[in-house]
Amino acid sequence: MRARQIPRAVAFWIVATAFFVLMSGAAAPSPLYSVYQEQWGFSSITLTVIFAVYVVALLTSLLTVGALSDHIGRKPVLAASLVTLAVAMVVFVLADSVPWLIAARILQGLATGAATGAFTATVIDLQPDESRGPLLNSIAPTAGLATGALGSGLLVQFAPAPMTLVYVVLAIAYLAFAALIAAMPEPTPADGFASRAHLFAALRPKVSVPPAIRRTFTTIVPCLIASWSLGGLYLSLSPSITASVFDVRNHVIGGAEIFTLFGAGAFGAYVARNTAPRIVMVGGSVTLAAGVGITVTSLLVESIAVFFVGAAVSGFGFGTAFLGAMKTLGALTLPHERGQVFATVFAVSYTAFSVPAVIAGFAIGSAGLLTTAEVYSAAVIAFALLAALAFTLLARREAQALAREECLAAA
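Residues numbered from 1 in each chain as written. Predicted model: local features only at pLDDT ≥ 70, side-chain atom pairs only at ≥ 80, totals over all residues. Heavy atoms only, no water.

Draft legend 1. Representation of the overall build of the protein. Counting its regular elements, the protein contains 15 helices and zero strands. At 21 Å, the protein has a C-alpha radius of gyration in line with the 22 Å of a compact globule built from 411 residues. Taking all 411 residues of the protein together, 54% fall into the buried category. Considering only intrachain contacts with a sequence separation of at least 6, the fraction spanning at least 24 residues in the protein is 86%. When the accessible area of the protein is evaluated, it comes to approximately 16300 Å², of which 69% is carbon and sulfur surface. (Helix = DSSP H or I, 4+ residues; strand = E, 2+ residues; numbered from the N terminus. Rg over C-alpha atoms; globule rule 2.2 N^0.38 Å. Buried < 20%, exposed > 50% of the residue type's maximum accessible area, 1.4 Å probe, protein only. Contact = heavy atoms within 4.5 Å. Areas by Shrake-Rupley, 256 points an atom, 1.4 Å probe, with all protein chains shown as cover.)

So, in structure tokens, the structure goes:
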């Protein structure tokens, strides 16, 4: 199939769906961790290390090759990342010990980090209108994580070969999307590398945003921290909370909790798709804080039903707040800056997603699961409320500046 046979409108949906599948794979191993732990007999600290190496690999990749698609084009980065993810799935299938599992997670992290910024930028490049790209970029991560966790939990609980089947399905999907992306037109012109020094400079680890949007980006950072640290809380601690606090050890329930959080996030982003970014950001952050408050209440009263309500409310806030952030940045970022800007967004997001979860994993041994979860939740609430306040103040300053400009123009 020649590239010109795939219209841009079709390519947009191919890329958006591939992004969804990418994020599904990121959550798929979570319900399997308890199976690995039971069969191989490793400690909770080892489980934290397995989680940590994935994130270190992902962040390393984001900070080095996250903007590579701005220079060599989106297609090569996306196709190579998807093929690498398929290889990682094969390593998962072959894994029979912790070192193999760590190797698989490192490969998956490197490929996911390389692809994330490129996928986000490509969705914006190909969007048919200005609202569609930010919406898909908000829904794909949350819906993908939700589906990956629930689908994996169902396969672990009911399907044969629980430690194999999910990875085989994902490997086939990754290879299929790599072939489709290779056949579509390049969405945006690449600027190439003027010299070897330019290449090394582009690959030097960095986090940067253009000066014109730095104030706005700084205002958005608390929202990213609150949203993604909440996701880290659920992916790292919710299986332990389900078993220890609620005495429930069903893999489907564990996957359903994660699905509720991220599924509500995708639903929230869809519901708020036509709402002004500043309203979405503030309202989403406040809703997230309220939902985490409900989650803490569920731990105190030991009610798994209330825990699910907290997941749904906070997930709705997660999705709407993250949509507001993506809409705001998508409207302000130029095409040749998108790979770097969105790589930086996800570098901040994944740092918030991982570092607190790793710290919590080590803290459980001394502070206990319940205390750790409560302190973690309090920090999430604080950042969510800070995000709402910061964006409210930014919106007020922008309104005052606009009013002054109008007065000057009228004079």
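Draft legend 2. Region of interest: the pattern of salt bridges. All chains considered together, the criterion is met by two salt bridges. Taking the shortest distance from any N to any O, the salt bridge between R74 and D125 comes out at 2.7 Å. Pair noted here: R74 is in helix α5 (residues 74-94) and D125 is in helix α6 (residues 98-126), with a separation of 51 residues, a long-range link. (Salt bridge = Lys/Arg side-chain N within 4 Å of Asp/Glu carboxyl O.)

Draft legend 3. Molecular detail of the environment of P134. The residue P134 is located in helix α7 (residues 132-158) in this model. Sequence separation of P134 and K327 is 193 residues, and the distance between their C-alpha atoms is 5.1 Å. Among all residues touching P134, those that are not within four sequence positions of it are I124, Q127, L323, M326 and K327.

Draft legend 4. Quick peek at the packing of aromatic side chains. For the coordinates displayed, the defined rule picks out 16 aromatic pairs. Plain terms: the ring middles of F19 and F119 are 5.4 Å apart, the flat faces sit at 5° to each other, and that makes the pair stacked. Here F119 lies in helix α6 and F19 lies in helix α1 (residues 8-27), a separation of 100 residues in the sequence. Here F19 matches F119 in class, with each residue buried. Between Y350 and F353 the ring centres are 5.9 Å apart and the planes differ by 90°, which places this aromatic pair in the edge-to-face class. Residue Y350 and its partner F353 are both found in helix α14 (residues 338-367); the two are separated by three residues, about one turn of the helix. Summarising the burial analysis for this pair, Y350 and F353 share the class buried. An aromatic cluster is defined as three or more aromatic residues linked by ring pairs; in this entry it consists of W228, F262, F318, F322, F346, Y350 and F353. We note R105 situated over the ring of Y54; from NZ or CZ to the ring centre the distance is 3.9 Å. (Phe/Tyr/Trp six-rings, centres within 6.5 Å; stacked < 30°, edge-to-face > 60°. Lys NZ or Arg CZ within 6 Å of the ring centre and 35° of its normal.)

Draft legend 5. Representation of the side chain of S24 within the structure. Among the secondary structure elements, S24 is positioned in helix α1. A relative accessible area of 8% places S24 in the buried class. Excluding residues within four positions of it along the chain, S24 makes contact with G144, L145, T147 and G148.

Draft legend 6. Inspection of the packing of α5 against helix α8 (residues 165-183) at higher detail. At their nearest, the axes of α5 and α8 sit 8 Å apart, and the two run at 165° to each other. By the angle between their axes, α5 is roughly antiparallel relative to α8. In the crossing of α5 with α8, the sense of the turn from one axis to the other is left-handed. Contacts from K75, L78, A79, L82, V83, L85, A86, M89, F92 and V93 of α5 reach α8 at Y167, V168, L170, A171, Y174, L175, F177, A178, I181 and A182. When the residues that make up the contact of α5 with α8 are grouped by side-chain class, the tally is 19 nonpolar, no polar and one charged. (Axes fitted to C-alpha atoms, helices over the stretch in contact; angles between N-to-C directions. Parallel < 35°, antiparallel > 145°, perpendicular 65-115°, else oblique. Left-handed = near helix turned anticlockwise from the far one by under 90°. Nonpolar A, V, L, I, M, F, W, Y, C, P; charged D, E, K, R; others polar.)

Draft legend 7. Local environment of helix α10 (residues 214-244). With 31 residues, α10 should reach 45 Å at 1.5 Å per residue; the first-to-last C-alpha distance of 43 Å fits that figure. At L237, α10 shows its maximal bend, which comes to roughly 55°, and the proline P239 appears one to four places after that position. For α10, the tally of buried residues reaches 22 of 31 residues, placing the bulk of the element in the interior. (Expected span 1.5 Å × (residues − 1). Bend = angle between axes of the 7 residues up to and from the residue.)

Draft legend 8. Layout of the packing of helix α12 (residues 277-301) against helix α13 (residues 304-332). Viewed as axis vectors pointing N to C, α12 and α13 meet at an angle of 160°, and their least axial separation amounts to 7 Å. In terms of orientation, α12 lies roughly antiparallel with respect to α13. The handedness of the crossing between α12 and α13 is left-handed. Split into classes, the residues belonging to the contact of α12 with α13 amount to 18 nonpolar, twelve polar and one charged.

Draft legend 9. Up close: the confidence of the model for the protein. In the predicted model, the protein carries a mean pLDDT of 84, and 92% of its residues have values of at least 70. When the elements of the protein are averaged for pLDDT, helix α9 (residues 196-203) gives the smallest value, 57, and α5 the largest, 95. (pLDDT = per-residue confidence, 0-100.)

Draft legend 10. View of a nonpolar patch on the surface. A surface patch of nonpolar side chains, about 510 Å² in accessible area, is lined by V90, V93, L94, W100, V168 and I172. For the nonpolar patch, the secondary-structure elements that each account for two or more residues are α5 and α8. For V93, the position within the fold is in helix α5. Using a relative accessible area of 30% as the deciding quantity, one classes V93 as partly exposed. (Patch = residues over 30% accessible without salt bridge, like charges linked within 9 Å, V, L, I, M, F, W, Y side chains within 5 Å.)

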